[in-house]
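Descriptive structure summary
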Amino acid sequence: LRSSLSSAQIYTEPNPATIELPVEEARIAAQGKEAAPLGVLVLNLGGPETLEDVEPFLYNLFADPDIIRLPPPLRALQPVLAKLLSSTRAPKSREAYNSIGGGSPLRKITEEQGSALEEALRAKGQDAKVYVGMRYWKPFTEESIEQIKKDGIKELVILPLYPQFSISTSGSSLRLLAEIFKQDKQLSELQHTVIPSWYQRPGYVSAMCDLIQTELETFENKEKVEIFFSAHGVPKSYVEEAFDPYQDEMEHSVQLIMKELRKRGVKNHETLAYQSRVGPVEWLQPYTEDAIQDLANNGVDDLLVVPISFVNEHIETLEEIDMEYRELAEEAGIKNWGRVPALNSYPGFIEDLADAVLEARPYIGAIGGVIDDEALVPGGAVQELVSMYDNANEKPLVAWEWGWTRNAETINGRIAMIALAALGCFDLLSGL
């Protein structure tokens with residue numbers, strides 16, 4: 001499996017001995033092409049910016065056939081079902097977004113990251129234009145692609161803002177891009193490469209350690225603090241049946257961060273758990289709420305939560321972690337709570353993203369996704385990545401089979417359950 005994913009340029013097992021990247025060669029190559037601006041498309045989920053945006057945002061989610069996969073005879077009902085679900089769910093979702101200020105900050109933060117990345121690339125001698133493409137809200141990926149065409153971009157690096165690859169995040173966005181590229185002849189001339197995941201990059205690891213150490217200093221007994229990594233969960237079937245590399249990459253991500261912290265003299269114990277679980281199906285474990293309770297039962301008084309799968313503040317950090325999990329922790333007996341902020345536009349993080357883009361540029365247009373064994377950044381075109389992943393699994397990639405919670409910006413398994421329940425009711429009523 002791991003060999004198949006590596007061939008598809010979706011999972012690359014890094015060599016710890018080569019964690020220092022050959023940035024200088026990439027910079028020299030970039031300077032040789034500086035007459036042509038380099039396009040960089042950063043991908044993210046998107047979120048409603050105002051309370052009025054919540055219902056149409058939900059509609060976009062539910063209208064996607066990759067979220068609710070209806071059987072062929074019922075696909076014409078997709079817009080009707082999406083309208084019903086979004087209008088029913090909107091009041092509770094508005095309540096959640098109202099609790100964090102009336103909307104998601106995801107667009108603002110992502111655009112700030114894009115501007116900072118553009119400046120960092122120019123400071124390194126690379127003329128670049130960074131575009132932001134959201135999966136389910138403005139600016140939509142389709143809109144960003146149109147702007148890339150209007151600007152005459154000839155070379156593009158695609159950078160999902162998810163450190164670890166999952167079929168439910170980066171995979172979903174790449175599948176959308178594959179469809180866009182397939183339908184547009186002009187885009188067939190756009191040479192590009194994708195950076196599927198980048199959790200193993202030393203700059204990212206170092207930036208995470210910086211923020212963790214800063215927050216540890218706020219505790220009176222910092223040596224006793226449990227470092228609690230909370231990652232967004234996915235159904236266990238994604239890993240076991242769809243061969244999603246997410247869990248492997250997440251566990252390795254934590255290992256790399258803790259290894260660097262040990263080098264810096266931080267000896268605290270750590271825990272990795274998965275949040276945002278809903279529905280009766282089994283998700284990756286341990287679950288965040290259970291792990292917090294277990295730690296409290298075992299006498300842990302000091303807890304520092306690290307949102308490991310998020311590089312932007314959004315509803316899952318601001319509401320789910322900061323409000324719901326903190327309340328749960330205090331009720332369980334945790335006496336001192338802390339939370340590491342998301343990376344956002346942290347300078348060391350942005351610098352490393354700029355280096356990742358420069359290292360990826362030599363692979364733009366490379367046949368077969370050529371990889372430099374000394375680099376951690378894989379190359380590959382969108383269609384190659386999607387097709388090879390599908391071929392490795394011998395079945396289509398099923399992306400974003402998510403449902404909803406009052407504290408989640410993403411869609412999870414409950415959607416599929418409700419869709420199935422609705423179909424069951426339809427069948428029942430049809431037989432009456």
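First, a word on what this report is: a plain description of the structure on this page.

The rules behind these values
Residues numbered from 1 in each chain as written. Predicted model: local features only at pLDDT ≥ 70, side-chain atom pairs only at ≥ 80, totals over all residues. Heavy atoms only, no water. Helix = DSSP H or I, 4+ residues; strand = E, 2+ residues; numbered from the N terminus. Buried < 20%, exposed > 50% of the residue type's maximum accessible area, 1.4 Å probe, protein only. Contact = heavy atoms within 4.5 Å. Areas by Shrake-Rupley, 256 points an atom, 1.4 Å probe, with all protein chains shown as cover. Expected span 1.5 Å × (residues − 1). Pairing = 2+ DSSP bridges. Axes fitted to C-alpha atoms, helices over the stretch in contact; angles between N-to-C directions. Parallel < 35°, antiparallel > 145°, perpendicular 65-115°, else oblique. Left-handed = near helix turned anticlockwise from the far one by under 90°. Nonpolar A, V, L, I, M, F, W, Y, C, P; charged D, E, K, R; others polar. Polar contact = N/O pair within 3.5 Å; in protein donor to acceptor, adjacent residues only side chain to side chain.

Digging into the overall build of the protein
- A tally of regular secondary structure across the protein gives 15 helices and eight strands.
- Across the 432 residues of the protein, 57% fall into the buried class.
- Restricting the contact set of the protein to residue pairs at least 6 apart, pairs at least 24 apart contribute 80%.
- Accessible surface computed for the protein: about 17,900 Å², of which carbon and sulfur atoms make up 52%.

Remarks on helix H8 (residues 202-216)
- Taking 1.5 Å per residue as the helical rise, H8 with its 15 residues ought to reach 21 Å, and the 21 Å between its terminal C-alpha atoms agrees with that figure.
- Buried within H8 are the following residues: Gly203, Tyr204, Val205, Ala207, Met208, Cys209, Leu211, Ile212, Glu215 and Leu216.

Observations concerning the pairing of strand E6 (residues 270-275)
- Burial of E6 is extensive: five of the six residues sit out of reach of the surface.
- Taken together, the six bridges between strand E5 (residues 226-232) and E6 define a ladder with parallel strand orientation. Residue His232 lies in a different strand from E6, and its bridge partner there is Gln275.

Quick look at the packing of helix H3 (residues 54-62) against helix H4 (residues 78-98)
- Their axes nearest at 7 Å, the elements H3 and H4 cross at an angle of 135°. Overall, the two elements H3 and H4 adopt an arrangement that is oblique. Crossing of H3 against H4: the hand is right-handed. Touching Val54, Glu55, Phe57, Leu58, Tyr59 and Phe62 of H3 are Gln78, Pro79, Ala82, Lys83, Leu85, Ser86, Ser87, Arg89, Ala90, Ser93, Arg94 and Tyr97, all from H4.
- When its residues are assigned to classes, the contact of H3 with H4 shows 10 nonpolar, four polar and four charged.

Quick notes on the side chain of Asp184
- Structurally, Asp184 is set in the loop between helix H7 (170-183) and strand E4 (191-194).
- For Asp184, a relative accessible area of 17% translates into the label buried.
- Within polar-contact distance, the side chain of Asp184 engages the side chain of Lys149 at 2.4 Å.

Things to note about the environment of Asn44
- Following the sequence through the fold, Asn44 ends up in strand E1 (residues 38-44).
- Relative accessible area serves as the criterion here: at 4%, Asn44 is assigned to the buried category.
- Asn44 sits 66 residues away from Thr110 along the chain, and the two C-alpha atoms are 7.8 Å apart.
- Of the polar contacts made by the side chain of Asn44, one reaches the side chain of Asn312; its length is 3.2 Å.

Observations regarding the packing of helix H6 (residues 141-150) against H7
- Orientation of H6 relative to H7, taken along the N-to-C sense of each, is 45°, at an axis distance of 11 Å. By the angle between their directions, the pair H6 and H7 is classed as oblique. Handedness of the H6/H7 crossing: right-handed. Residues Thr141, Glu142 and Ile145 of H6 touch H7, and the partners they reach there are Leu176, Leu177, Ile180 and Phe181.
- Its residues assigned to classes, the contact of H6 with H7 comprises five nonpolar, one polar and one charged.

Here we look at the sheet that holds E4
- Spatial ordering of the open sheet is given by E2-E1-E3-E4, a layout of four strands whose pairing is parallel. Where the open sheet ends on each side, the last strands, each with one partner, are strand E2 (128-134) and E4. Within this sheet the neighbouring strands show an average axis-to-axis angle of 20°, counted without direction.
- As paired strands, strand E3 (residues 155-160) and E4 are joined by four bridges and run parallel to one another. By the bridge assignment for E4, Ile158 is matched with Val194.

A few points about the sheet that holds E5
- The strand order across the open sheet built from four strands is E6-E5-E7-E8, with neighbouring strands paired in parallel fashion. Each having just a single partner strand, E6 and strand E8 (336-339) make up the two edges of the open sheet. In this sheet, neighbouring strand axes are inclined to one another by 25° on average, regardless of whether the strands run parallel or antiparallel.
- Pairing between E5 and strand E7 (residues 302-307): five bridges, direction parallel. Pairing of Ile227 across the sheet is with Leu304, part of E7.
- Contacting E5, E7 and E8, H8 runs over the sheet at an angle of about 155° to E7.
- Strand contacts of helix H12 (residues 315-332): E5, E6, E7 and E8, with the helix running at about 165° to E8, the strand carrying the most contacts.

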